[in-house]
Amino acid sequence: MSFKALATRSLCARLLACALLAAACALPAQARSPQALALPTQAAVSSAFSPSGGALALVLQAIDQAHSSIQMAAYLFTSSDVARALVQAKKRGVQVQVLVDWKSNFDEDARYARHALGILRNAGIAVRSVDVYPIFHDKYMVIDRRTVQTGSFNYTYSAAHRNAENVLVVWNAPELAAQYLADWQHNWALSQPVVLPY
């Protein structure tokens, strides 16, 4: 195996470990377990980076692979590309639900967020916002209850084209997806529907 292949595999393993740690930390204290989560043999990991390493393409690939459901948690959402991909998923019959931070998307200069979230709302996608934390800093998707996309990547133009960001997709890992989904459902219950003024 080449050095580059070993380095890539090692990086993927480290990113996966970070994703698993983030999932464990996201659970309420009484639900946390110090046990490591074993991934099933059919699980696979993909990683990408931005600004020029394919991060946006991997996010869009994950959305395009959805068959039944996408639950998204987003600190900041301004990407028209991601919004259009989610609308296309809804048109394919995928249930799409988006949860965003209130402050970063509505309380500050948020014209781009309002535009991108308006694309979702106009397509009939459920969009809710969270304002019970100083910031709702999550950035992940649970896809078909078996795949998780996570990383530092905000769903923004800047994350795709300007910032140094990372995206990690853990495919076919239903137990990991269940942990992320439990966190998402907890925060969905704390959120309010987004109503845009137009």
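The coordinates are above.
Residues numbered from 1 in each chain as written. Predicted model: local features only at pLDDT ≥ 70, side-chain atom pairs only at ≥ 80, totals over all residues. Heavy atoms only, no water.

Section: the nonpolar core
Side chains that are nonpolar tend, in soluble globular proteins, to be buried together. By size, the foremost hydrophobic cluster in this structure holds 39 residues, and its most contacted members are Ile-70, Phe-77, Leu-86 and Leu-120. Here Ile-70 is in contact with Ile-63, Leu-86, Ala-89, Val-94, Gln-95, Val-96, Gln-97, Met-141, Val-142 and Ile-143, once residues within four sequence places are set aside. Counting 17 residues, the second-largest nonpolar core is a separate cluster that includes Leu-37, Val-130, Val-170 and Ala-173. (Core = buried A, V, L, I, M, F, W, Y, C linked by side-chain atoms within 4.5 Å. Buried < 20%, exposed > 50% of the residue type's maximum accessible area, 1.4 Å probe, protein only. Contact = heavy atoms within 4.5 Å.)

Digging into the packing of helix H3 (residues 80–91) against helix H5 (residues 111–122)
To describe two helices that pack against each other, one gives the angle between their axes and the distance between the axes. One can describe the packing of H3 onto H5 by two numbers: an axis separation of 9 Å at closest approach and a directional angle of 5 degrees. Comparing the axis directions of H3 and H5 gives the class roughly parallel. On H5, the residues that touch Ser-80, Ala-83, Leu-86 and Val-87 of H3 are His-115, Ala-116, Ile-119 and Leu-120. Grouping the amino acids of the contact of H3 with H5 by side-chain chemistry returns six nonpolar, two polar and no charged. (Axes fitted to C-alpha atoms, helices over the stretch in contact; angles between N-to-C directions. Helix = DSSP H or I, 4+ residues; strand = E, 2+ residues; numbered from the N terminus. Parallel < 35°, antiparallel > 145°, perpendicular 65-115°, else oblique. Nonpolar A, V, L, I, M, F, W, Y, C, P; charged D, E, K, R; others polar.)

A look at the pattern of salt bridges
According to the stated counting rule, one finds one salt bridge in the structure shown. With a shortest N-O distance of 2.7 Å, Asp-81 and Arg-84 are connected by a salt bridge. Of this pair, Asp-81 and Arg-84 are both found in helix H3, three residues apart, which corresponds to roughly one turn of the helix. Given a relative accessible area of 31%, Asp-81 falls into the partly exposed group. (Salt bridge = Lys/Arg side-chain N within 4 Å of Asp/Glu carboxyl O.)

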